Amino acid sequence: MSYSTAALVGPVTLDDVRGAQKMLSGVARVTAMEGSRHLSQLVGSPVHLKCENLQRTGSFKLRGAYVRIAGLLPEQRAAGVVAASAGNHAQGVALASSLLGVRSTVFMPKGAPLPKISATRDYGAEVRLHGQVVDETLAAAQEYAERTGAVFIHPFDHPDVIAGQGTVGLEVLEQCPEVRTVVVGIGGGGLVAGIAVAVKAVRPDVRIVGVQAEGAAAYPPSLAAGRPVAVEHPVTMADGIKVGRPGDVPFGIVGELVDEVRTVSEDELSTALLLCLERAKLVVEPAGASPVAALLSDPGAFEGPVVAVLSGGNVDPVLMQGVLRHGMAAQGRYLAVRLRLTDRPGALATLLGVLSVVDANVLDVSHVRTDPRLGLTEAEVELHLETKGPEHCAEVGRVLREAGYPVIG
């Protein structure tokens with residue numbers, strides 16, 4: 001796909017992004033760019049990580065929220081602002097409003113993680129919990145805006161928001177001027193649209209690749225249809241990109257300027273998050289790890305130098321625990337098995353002895369004796385094991401079967 005100057009004329013321009021960069025000076029951090037030796041070896045060329053997980057509020061969202069609110073008229077600021085979000089946008093709006101002296105109300109789902117609710121309040125917003133899913137929360141925020149006159153701050157579907165997010169692209173060009181490919185996670189599309197506007201205007205030869213979770217991938221069918229198409233009931237652990245429908249404004253930009261949109265599985269997301277933690281020593285949420293997941297799933301598809309944008313690091317500790325376990329299981333480093341044995345003294349010790357021979361580290365044991373499914377002399381044991389890879393997992397299963405233990409799960 002080739003690009004001309006005319007292709008860059010639209011709702012957001014390079015001048016808009018540069019203006020946003022001046023506005024954000026002293027407000028948003030110029031986040032670090034870290035090299036990744038492991039990913040570089042895998043891809044066969046330099047890979048750099050743009051660490052927006054280290055941005056104020058823990059994600060890129062402050063950029064767009066601040067630019068949008070700063071551009072309001074005095075009478076609009078006086079009416080206050082309202083937003084709906086499960087986390088990152090909520091915190092970005094809350095801090096931006098506080099910095100600009102604007103009253104903010106943020107609607108969040110009732111099931112939003114407590115750390116994100118607490119952080120949003122700490123940044124100065126009034127938090128209202130409404131609905132079980134973001135769509136219900138969004139409807140409540142829009143009704144509040146209509147009833148009170150507060151300005152609704154959309155998380156991605158506004159030119160000012162996109163211009164603010166595009167400042168990430170300008171920083172990428174400044175920090176890695178030799179970049180050939182930029183990989184960005186996509187939810188509604190505000191971040192990738194802004195980055196594409198900034199990067200393509202200066203370096204039209206740079207390839208922009210968007211990444212979506214398979215269970216919430218609205219962009220591929222939308223691009224095929226030529227219009228935004230909603231995905232019903234999006235499902236993914238990556239709540240930062242769990243958006244059912246592309247935004248109208250970013251969709252047009254993505255269609256013009258983004259070269260490719262890829263999808264990644266939940267296993268690939270959890271493996272990428274684990275890699276960021278272990279190899280890069282960076283806490284990254286699943287949405288932020290999606291570009292790394294794309295690199296891991298098909299490393300030969302990316303021309304380097306590559307910049308992967310880690311969009312956020314706001315991950316709930318409970319979710320982090322589950323995702324890390326999922327990632328370890330995907331790599332064959334964690335194995336859960338259920339089996340039955342005779343309920344007699346020493347039976348469990350004998351089983352653990354078998355596992356010690358094959359060098360499987362037992363993390364947790366659940367021993368059930370009272371269950372209608374069990375025979376009078378049976379017990380069921382669930383074991384959580386630390387293993388050393390897929391081959392070791394297969395060896396553990398083989399040794400258990402050879403020792404006479406029927407593995408049932």
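For the structure, see preceding data.
Below you will find a few notes about this structure.

## Examining the packing of helix 15 (residues 347–357) against helix 16 (residues 390–402)
Thought 1: Relative orientation of the contacting elements helix 15 and helix 16 amounts to 140 degrees, with a least axis distance of 10 Å. By the criterion of interaxial angle, the relationship of helix 15 to helix 16 is oblique. Crossing geometry of helix 15 relative to helix 16 is assigned as right-handed. Of the residues in helix 16, those in contact with L351, V354 and L355 of helix 15 are V396, V399 and L400.
Thought 2: Class assignment for the residues of the contact of helix 15 with helix 16 results in 6 nonpolar, no polar and no charged.

## A look at helix 12 (residues 266–278)
Thought 1: Between its first and last C-alpha, helix 12 extends 18 Å over 13 residues, near the 18 Å set by a 1.5 Å rise per residue.
Thought 2: Taken together, the buried positions of helix 12 are L269, S270, T271, A272, L273, L274, L275 and C276.

## Some words on the sheet that holds strand 6 (residues 151–152)
To summarise the sheet geometry, strands pair through backbone hydrogen bonds and adopt either a parallel or an antiparallel arrangement.
Thought 1: Sheet architecture is open: 4 strands sit in the order 5-4-3-6, paired in parallel fashion. Only two strands of the sheet have a single neighbouring strand rather than two, namely strand 5 (126–129) and strand 6.
Thought 2: As paired strands, strand 4 (residues 104–108) and strand 5 are joined by 4 bridges and run parallel to one another. Bridge assignment links T105 to a residue of strand 5, and that residue is E126.

## Brief notes about the sheet that holds strand 12 (residues 361–368)
Thought 1: Across the sheet, which stays open at both edges, the 3 strands sit in the order 11-13-12 with antiparallel pairing between neighbours. Of all the strands in the sheet, just strand 11 (334–342) and strand 12 have a single pairing partner and so form its edges. Averaged over all pairs of adjacent strands, the angle between their axes in this sheet comes to 20 degrees, without regard to strand direction.
Thought 2: In this sheet, strand 13 (residues 378–386) lies alongside strand 11 in antiparallel orientation, the contact comprising 9 bridges. Residue pairing in the sheet places R340 in a bridge with E380 of strand 13.
Thought 3: Each of strand 11, strand 12 and strand 13 touches helix 15; the most contacted strand, strand 13, lies at about 30 degrees to it.

The rules we used
Throughout this document, residue positions are counted from 1 along each chain, in the order its sequence is written. Note on the predicted model: pLDDT of at least 70 is required for a residue's local features to be given, and 80 or more for side-chain atom pairs to be given and counted; whole-chain, interface and lining totals, by contrast, use all residues. Excluding hydrogens and water, the side-chain figures rest on all heavy atoms present in the structure. In this description, a line fitted to the C-alpha atoms serves as the axis of each element, helices being fitted only across the stretch in contact, and the angle between N-to-C directions of two axes falls anywhere from 0 to 180 degrees. Here a helix means four or more residues in a row that DSSP labels H or I, a strand means two or more in a row labelled E, and each is numbered from the N terminus. Angle categories are assigned with fixed cut-offs, so that under 35 degrees is roughly parallel, over 145 is roughly antiparallel, 65 to 115 is roughly perpendicular, and the rest are oblique. Two helices that cross are described as forming a left-handed crossing if the nearer one is turned anticlockwise from the farther one by less than a right angle, and a right-handed crossing if clockwise. Residue contacts are defined here by distance: any two heavy atoms, one from each residue, within 4.5 Å place the two residues in contact. Ten residues, namely Ala, Val, Leu, Ile, Met, Phe, Trp, Tyr, Cys and Pro, are considered nonpolar, four, namely Asp, Glu, Lys and Arg, are considered charged, and the remaining ones, Gly among them, are considered polar. The span one expects for a helix is its residue count, reduced by one, times 1.5 Å. The buried label applies to any residue whose accessible area, calculated with a 1.4 Å probe on protein chains only, is under 20% of its type's maximum; exposed applies above 50%, and partly exposed to all values in between. Two strands are said to pair when DSSP picks up at least two bridges between them.

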